[in-house]
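Each chain, letter by letter, is given below.
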Amino acid sequence: QQEQTATDQQEQTATNQQEQTTTDQQEQTATDQQEQTTTDQQEQTATDQQEQTTTDQQEQTTTDQQEQTATDQQEQTATDQQEQTATDQQEQTATDQQEQTTT
């Protein structure tokens with residue numbers, strides 16, 4: 001009985017250790033996967049945000065430049081027209097005065 005008891009205990013101990021080891025490994029694997037998934041998601045989120053921010057800035061910069069260019073062209077065109085109109089009127093006035101003086 002003592003020998004049989006000793007053998008039984010050894011077998012039980014061995015089985016318990018295997019079960020505990022297997023459970024520990026499964027739990028560790030599950031934890032590792034969760035941590036890795038969380039880290040991956042955080043990294044992906046950070047990358048997505050950077051890419052989105054960069055894209056937003058590029059789009060905004062392009063829009064700003066287009067708007068500024070359009071505004072500059074409009075202002076320049078308006079100024080050119082005013083100057084040309086003013087010059088035309090001055091020249092016409094001078095011509096009219098000369099003609100009138102001659103007459």
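You'll find the structure just up there.
Owing to the predicted nature of the structure, the values given are computational and were not obtained by experimental measurement.

**Student:** Which parts of the structure should I look at to understand the overall build of the protein chain?
**Tutor:** Helix and strand counts for the protein chain stand at 1 helix and 0 strands. Here the C-alpha radius of gyration of the protein chain, 44 Å, is well above what a compact globule of 103 residues would show, namely 13 Å. Taken over the C-alpha atoms alone, the protein chain extends approximately 150 × 5 × 5 Å along its principal axes. Scored against the burial criterion, the 103 residues of the protein chain give a buried share of 0%. About 9,400 Å² of surface is accessible on the protein chain, with carbon and sulfur atoms providing 41% of the total.

Calculation notes
Residues numbered from 1 in each chain as written. Predicted model: local features only at pLDDT ≥ 70, side-chain atom pairs only at ≥ 80, totals over all residues. Heavy atoms only, no water. Helix = DSSP H or I, 4+ residues; strand = E, 2+ residues; numbered from the N terminus. Rg over C-alpha atoms; globule rule 2.2 N^0.38 Å. Buried < 20%, exposed > 50% of the residue type's maximum accessible area, 1.4 Å probe, protein only. Areas by Shrake-Rupley, 256 points an atom, 1.4 Å probe, with all protein chains shown as cover.

Spatial relationships are all this shows, so hold off on functional conclusions.
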